[in-house]
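Observations on the model geometry
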Amino acid sequence: PGQPAPAPPAQPGRRPNASAAAPAAANPATPSAPAPKKIEASVVRVNVTNQAYDLIRPWSKKAPFARRGLGAVLAKGRVLVTAELVQNQNYVELEKAISGDRSPARILLVDYEANLALLEPTDKKFLDGLKPIELSTETVVGDRVGVLQLEQNDALVTTPGPVTTIEVARYQLDDTAFLLYRLAVSLPLKESSFTAPVLRDKDARLAGMLLRYTPQTQTADVIPGPVIAHFLKDFDSGKYRGFPRAGFIFAPTRDPQLRRWAGLKGGGGILVTEVLPGSAADKAGLKAGDALLSIGEVSVDQDGNYEDALYGRIALSHYLNVRHFADEKLPFKILREGKPLTLEVALGRKAPEEYPVMPYFFDRAPRYEIVGGIILQELSRQHLKEWGADWRKAAPQRLVLYDQLQAQLVKEGRQRVVFLSQVLPTEATVGYNEMAMLVVTAINGVKLSSLDDVDRALAQPANGFHKIELEDHPREIYLDAATLAQVDEGVRRTYRLPALKRLE
């Protein structure tokens with residue numbers, strides 16, 4: 001959220017180790033070959049046990065499962081992998097391919113927006129003797145790179161292919177778009193390939209990390225060196241702030257009439273259509289209707305691109321979120337009602353917890369409270385994704401609308417969206433058992449801005465009853481205040497719940 005002009009999403013694809021599809025056929029143009037000896041000691045297996053919390057039954061977890069990937073050994077005893085590999089992890093270990101030596105690992109940093117994670121072994125000497133891979137940030141279209149994988153006999157192989165496209169496109173999350181390399185490569189199915197390093201042929205430096213692979217088109221998407229460099233530099237600063245956003249949405253200005261209305265001359269400039277409340281742009285005074293001409297030292301064309309010294313014409317968001325860091329100040333040159341104006345914008349980033357509906361939710365237990373068998377939770381996009389890949393159509397549309405109208409919720413001062421996720425049958429909820437996925441607006445007249453308000457509201461029953469107000473039919477639920485504690489204890493025993501609430 002808050003990212004200007006994301007490019008159309010890249011096609012999501014199967015990971016090389018997905019069990020649902022057969023291995024891709026070998027492509028004579030890009031055969032696998034033994035990796036150069038000088039990089040054989042620069043990768044380690046990363047074995048992960050993942051276990052996500054069950055958002056439908058928030059007091060429990062889903063079944064655990066295992067993932068295996070290849071991590072790139074970097075300087076300072078660190079190992080780089082994708083965040084998706086260690087998402088919701090219970091245990092992470094590093095394994096040397098040839099010797100089989102293993103060491104538990106801890107996560108130094110994870111950034112789900114950039115889909116990158118940094119690990120280190122608990123045994124400080126575990127990586128001794130392994131030559132770190134140097135990072136490359138100069139890869140361009142036409143360069144040949146190789147995807148590293150391990151054979152079953154632990155031999156390291158590389159599958160070469162050219163970089164065909166460099167663009168700004170979607171990563172793992174819906175609202176995050178960053179620089180991306182696209183390769184033409186035929187990857188065979190191999191163990192430990194959930195994530196894999198990608199090296200430049202010319203100097204064996206790290207060009208990026210494999211993001212996804214689509215066997216139907218034989219293309220691989222790669223998280224590129226410049227994004228990784230930003231991630232590492234920000235971490236080394238001692239205060240990781242993440243990838244910044246300006247926080248505005250714009251429209252291109254190809255329409256000559258629109259350009260005349262906005263006072264634009266020449267061929268550049270875009271029209272700001274929305275400024276997200278509380279964003280860096282909002283704090284600097286940018287307004288809907290402003291025409292943006294340039295940011296920093298780059299001019300903005302009519303499509304929202306700029307001329308990059310390395311990649312040529314590319315989306316402006318790359319300049320903002322990779323070329324610069326949070327808290328950096330950049331001059332925005334605009335036209336407002338035809339008059340030139342310069343605003344100083346201090347780039348920033350909103351954490352997922354700062355949104356009324358969190359855009360992603362990993363590595364933490366969901367908050368919930370059970371009142372007389374009624375399960376109250378705080379809405380996140382992870383809840384909506386329980387309806388599958390087509391969640392925008394399959395999930396309850398009112399809840400989807402809340403996710404889409406985050407800016408309006410911020411303006412209203414909404415901290416969270418509290419909803420009734422389901423009802424456990426009890427003597428107190430007769431007639432309510434089929435209710436689910438309804439937004440709760442208030443309890444006993446106390447408006448709910450988060451689950452933190454529930455206990456305070458329950459302390460104020462009216463005429464011996466608790467009134468729970470809903471946004472949709474039946475609008476109101478009544479619970480007997482005198483018997484609620486007894487009912488709650490019965491719910492805990494009957495359903496063997498570890499606790500009736502989790503608010504931390």
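The coordinates are above.
The model shown is predicted, which means the values in this text are computed figures rather than measured ones.

A word on the sheet that holds strand E4 (residues 78-81)
One closed barrel accounts for six strands, arranged E2-E3-E4-E7-E6-E5; its pairing is antiparallel. Averaged over all pairs of adjacent strands, the angle between strand axes in this sheet comes to 40°, irrespective of strand direction. Sheet topology places strand E5 (residues 89-95) next to strand E6 (residues 102-111); three bridges connect them, and they run antiparallel. Residue pairing across strands places Leu-94 opposite Ser-103, the latter belonging to E6. Sitting on the sheet, helix H1 (residues 225-236) touches strand E3 (65-74), E4, E6 and strand E7 (116-121), and the angle it makes with E7 is about 55°.

Quick notes on the side chain of Gln-377
Looking at the element boundaries, Gln-377 is found in strand E23 (residues 374-378). A distance of 3.1 Å separates polar atoms of two side chains, one belonging to Gln-377 and the other to His-383. Apart from the residues within four sequence positions on either side, Gln-377 is in contact with Leu-55, Ile-56, Pro-58, Arg-367, Tyr-368, His-383, Val-417, Val-418, Phe-419, Ser-421 and Leu-451.

Comments concerning the nonpolar core
In terms of nonpolar packing, the biggest core is built from 74 residues, with Leu-80, Leu-183, Val-227, Phe-248, Leu-292 and Phe-332 touching the most fellow members. Apart from residues no more than four positions distant in its own chain, Leu-80 is found in contact with Leu-70, Gly-71, Ala-72, Leu-74, Leu-116, Ala-117, Leu-118, Leu-206, Met-209, Ile-228 and Phe-231. Among the nonpolar cores identified, the runner-up in size contains 22 residues, and Val-446, Leu-451, Val-454 and Leu-470 belong to it.

Digging into the packing of aromatic side chains
Counted under the stated rule, the structure contains ten aromatic pairs. Between Tyr-112 and Phe-362, the aromatic rings sit 4.6 Å apart at their centres with planes inclined by 50°, giving tilted as the arrangement. Pair noted here: Tyr-112 is in the loop between E6 and E7 and Phe-362 is in the loop between strand E21 (339-346) and strand E22 (368-371), with a separation of 250 residues, a long-range link. Judged by its relative accessible area of 6%, Tyr-112 is buried. Grouped by ring-pair contacts, the aromatic residues Tyr-112, Tyr-360 and Phe-362 constitute a single cluster. Over the aromatic face of Tyr-355 sits the side chain of Lys-350, whose NZ or CZ is 4.4 Å from the ring centroid. Directly above the aromatic system of Phe-361 lies the positively charged group of Arg-364, at a separation of 5.8 Å from the ring centroid.

Focus on the environment of Ser-99
Here Ser-99 shows up in the loop between E5 and E6. The class of Ser-99 is partly exposed, set by a relative accessible area of 44%. Separated by 357 residues in the primary sequence, Ser-99 and Arg-456 have C-alpha atoms spaced 59 Å apart. Within the local environment of Ser-99, its side chain forms a polar contact with the backbone nitrogen of Asp-101, the two atoms lying 3.2 Å apart.

A closer look at the pairing of strand E18 (residues 305-308)
Taken together, the four bridges between E18 and strand E19 (residues 312-315) define a ladder with antiparallel strand orientation. Counted as the bridge partner of Glu-307 is Arg-313 from E19.

Brief notes about the pattern of salt bridges
Counted by the stated rule, this structure contains 44 salt bridges. Two residues, Asp-221 and Arg-212, come together in a salt bridge whose shortest N-O distance is 2.9 Å. Residue Asp-221 shares its accessibility class with Arg-212, and that shared class is buried. One network of salt bridges, in which partners are shared, links Glu-138, Asp-143, Arg-200, Lys-202, Asp-203 and Arg-205.

Description of the environment of Leu-127
Along the chain, Leu-127 falls in the loop between E7 and strand E8 (144-150). Taking the C-alpha atoms as reference points, Leu-127 and Ala-75, 52 residues apart in sequence, are found 10.0 Å from one another. The residues touching Leu-127, leaving out its near neighbours within four places in the chain, are Val-44, Val-73, Gly-77, Arg-78, Val-79 and Pro-121.

A few points about the pairing of strand E10 (residues 177-184)
In terms of residue burial, E10 counts as a mostly covered element, since seven of its eight residues are buried. Pairing analysis gives seven bridges linking strand E9 (residues 156-170) to E10, with the strands arranged antiparallel. From the neighbouring strand, Thr-165 faces E10, where its bridge partner is Arg-182. The antiparallel pairing of E9 with E10 creates a hairpin that spans six residues between the two strands. Sheet topology note: the E10/strand E13 (residues 219-224) ladder contains four bridges and is antiparallel. Across the sheet, residue Arg-182 finds its bridge partner in E13, namely Asp-221.

Here we look at helix H10 (residues 484-494)
One turn of the α-helix equals 3.6 residues, which is why residues spaced by three or four share an orientation. Among the residues making up H10, those that are buried are Leu-484, Val-487, Asp-488, Gly-490 and Val-491. In an axial view of H10, the angular spread of the buried residues amounts to 160°, which keeps them on one side of the axis. Structural note: H10 exposes Ala-485, Gln-486 and Arg-493 on the side pointing more than 90 degrees away from its buried face. For H10, the elements touching its buried residues are E22, strand E27 (465-470) and strand E28 (476-480). With its phi angle positive at about 50°, Arg-496 sits one or two positions after the end of H10.

Conventions adopted
- Residues numbered from 1 in each chain as written.
- Predicted model: local features only at pLDDT ≥ 70, side-chain atom pairs only at ≥ 80, totals over all residues.
- Heavy atoms only, no water.
- Pairing = 2+ DSSP bridges.
- Helix = DSSP H or I, 4+ residues; strand = E, 2+ residues; numbered from the N terminus.
- Axes fitted to C-alpha atoms, helices over the stretch in contact; angles between N-to-C directions.
- Contact = heavy atoms within 4.5 Å.
- Polar contact = N/O pair within 3.5 Å; in protein donor to acceptor, adjacent residues only side chain to side chain.
- Core = buried A, V, L, I, M, F, W, Y, C linked by side-chain atoms within 4.5 Å.
- Buried < 20%, exposed > 50% of the residue type's maximum accessible area, 1.4 Å probe, protein only.
- Phe/Tyr/Trp six-rings, centres within 6.5 Å; stacked < 30°, edge-to-face > 60°.
- Lys NZ or Arg CZ within 6 Å of the ring centre and 35° of its normal.
- Salt bridge = Lys/Arg side-chain N within 4 Å of Asp/Glu carboxyl O.
- Arc of directions from axis to C-beta.

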